[in-house]
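Take a look at the letters that make up each chain.
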Amino acid sequence: MSDIAARVKKIIVDKLGVDEAEVTNEASFTNDLGADSLDTVELIMEFEKEFNISIPDEQAETITTVGQAVTYLEEHAK
Amino acid sequence: MQLKRIVVTGIGALTPLGNSTTEYWNNLRNGVSGADFITQFDASKFKTRFACEIKNFDPTDFIDRKEARKLDRFAQTAVVASDQAVQDAGITAENANMDRVGVVFASGIGGLITFQEEVTNFAKGDGTPRFNPFFIPKMILDIAAGHISMRHGFRGPNFSVVSACASSTNAMMEAFNLIRLGKADIIITGGSESVVKEAGVGGFNAMKALSERNDDPKTASRPYDKDRDGFVMGEAAGVLVFEELEHALKRGAKIYCEVAGAGATADAHHITAPHPEGLGAKNVMNQALEDAGMQPSDIDYINTHGTSTPLGDIAEVKAILDVFGEHAYKLNISSTKSMTGHCLGAAGVIEAIACIMSVQNDVVPPTINHFTDDPELDSKLNFTFHEAQHRTVNAALSNTFGFGGHNACMIFKKFSA
């Protein structure tokens, strides 16, 4: 697991209060990890803070799974 | 129409004197002070460095960590105290129609801690808005009522009531009225307040409302003492279960007491100072007595607003003398704020709990911290100084007043079928 993936998963475990084992690449924030629409907004904000980037809204809307978040951040994190 | 009778069937309390009704009441009757140095922020630069905080409260002992994070402290304490009250009352989907169980829950200020944190974060940034999506739903004052309903599935009337430090008494009055008009069978009511934070203490300090007796926090709240110098900020969540009498009897509920009557008035005088003759206070007590169908001589104990401010204590006592006449000298009067501090929007309900326990136990909790008589107060009145007093308490009256000139009053009496 990349350093970025580990940091992403740590945020998800912390914010959504889920077990680390549930945070697989395929897991959907809303369908599998119990997030509601406000939780997902908060997650995106936490990613922005952790990786010191700004994720545009239209991009943020496409990040719905753990894997998508990791991929996006691996491409964009500074 | 015939108004229905209302009884109290459940109590929950998180207070500066303990995190259960029993602990709260035991410390009240034993005259314990809940004041100490502030732990929730570094108050070293503040004029007041102490408060009556809720102690040893970890929300995650009661609320899932993920959920707890989305609640301001005022809502966390509201949820936990209401869990206690609902459990105490034994309300279940089997013995109550959830469509007719409501929540009318107050706070004076709401999520000030959340507001302070979010706005501070924004101000530290470069102007780019990065507000947490839970900022608004954590802060808004009515959210505590919402959370209580969601936790238990109560689908009856649900809202908040605000009248500053009178808020929870006004909320109880709304609950009382809704049930007696037949709009609900049960209402979870009361209030919570948690503003022991920079913005809260600093704001009240700026008004010169708070005691600054930093060298002796435990004796700082001294209602009716000549040297009182302001109120001590308190933090609390108090919850009462109000229930229609027949409903309570039918399900075999434990009955603490009956809600006899209530009143609400305004001073129409000044934003913070009381009417000098206690006009609004006098009117509200008369209104509550009339609503209860009681005479002044039916009251045994008055739990005063008595915040330990120079003007407020005097105006309220004038009003009591006016309303009660000669009977005023036979009353027990006490300000339990001498022990709990002033819990603002939660003051009314935790003092209502003090009244209910007094009616139950025939014990009047004291006004502690009395050192010097105030020549402006009638010394023949029984302020229940220093120690609790035993007497039959058939009925107790609770006064609560708020900035804005709001006055609210509620009377509790022993239940007899």
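Model, not experiment: these values are computed from the prediction. (Residues numbered from 1 in each chain as written. Chains lettered and ligands numbered in written order. Predicted model: local features only at pLDDT ≥ 70, side-chain atom pairs only at ≥ 80, totals over all residues. Heavy atoms only, no water.)

**A look at the overall build of chain A**
- Looking only at helices and strands, chain A features 4 helices and 0 strands.
- The N-to-C order of helical and strand elements in chain A reads α-α-α-α.
- Each of the three principal axes of chain A carries a C-alpha extent, and together these read 30 × 25 × 20 Å.
- At a minimum sequence separation of 6, the contacts of chain A that also span at least 24 residues come to 54%.
- Summed over all atoms, the accessible surface of chain A reaches about 4300 Å², with 46% contributed by carbon and sulfur.
- Taking the 6 positively charged and 18 negatively charged side chains of chain A as two groups, their mean positions are separated by 9 Å. (Helix = DSSP H or I, 4+ residues; strand = E, 2+ residues; numbered from the N terminus. Contact = heavy atoms within 4.5 Å. Areas by Shrake-Rupley, 256 points an atom, 1.4 Å probe, with all protein chains shown as cover. Lys, Arg positive; Asp, Glu negative; His and termini not counted. Charge placed at Lys NZ, Arg CZ, Asp CG, Glu CD.)

**Re the overall build of chain B**
- Scanning chain B from N- to C-terminus turns up 13 helices and 14 strands.
- A compact globule built from 417 residues should have a C-alpha radius of gyration of about 22 Å, and chain B, at 20 Å, falls within 12% of that.
- Each principal axis of the C-alpha atoms in chain B carries an extent, and together these give about 65 × 55 × 40 Å.
- Sorting the 417 residues of chain B into buried and exposed places 61% on the buried side. (Rg over C-alpha atoms; globule rule 2.2 N^0.38 Å. Buried < 20%, exposed > 50% of the residue type's maximum accessible area, 1.4 Å probe, protein only.)

**Describing the UniProt feature "active site" (unreviewed entry) in chain B**
- The sites that carry the UniProt feature "active site" (unreviewed entry) are, in the present numbering, B:Cys165.
- Looking at the element boundaries, B:Cys165 is found in the loop between β5 (158-159) and α7 (167-180). (UniProt positions renumbered as here; feature names shortened; annotations may be inferred.)

**Regarding the pattern of salt bridges**
Residue and element names in this part refer to chain A.
- This model, assessed by the stated rule, comprises 27 salt bridges over all chains.
- The partner of Glu46 in a salt bridge is Lys15, and the shortest N-O contact between them spans 3.8 Å. Placement of the pair is Glu46 in helix α2 (residues 37-51) and Lys15 in helix α1 (residues 3-16), with a sequence separation of 31 residues.
- For Glu46, a relative accessible area of 15% translates into the label buried. (Salt bridge = Lys/Arg side-chain N within 4 Å of Asp/Glu carboxyl O.)

**Description of the interface of chain A and chain B**
- Taken residue by residue, the interface counts 15 residues in chain A and 10 residues in chain B.
- Of the roughly 1000 Å² buried between chain A and chain B on both sides combined, carbon and sulfur atoms contribute 45%.
- Counting the surface chain A buries against chain B, the share from its top three residues, A:Leu38, A:Glu42 and A:Met45, is 44%.
- Seen at the junction of chain A and chain B, the total is 5 salt bridges.
- For A:Glu42, the salt bridge goes to B:Arg69, with nearest N and O atoms at 3.0 Å.
- At the junction of chain A and chain B, the tally comes to 7 residue pairs in polar contact (both at pLDDT 80 or more).
- If you list the elements that add at least two residues to the side of chain A that touches chain B, you get α1 and α2 of chain A.
- Considering every element that reaches the side of chain A that touches chain B, the biggest residue donor is α2(A), with 6 residues. (Buried area = accessible area lost by both parts, 1.4 Å probe. Polar contact = N/O pair within 3.5 Å; in protein donor to acceptor, adjacent residues only side chain to side chain.)

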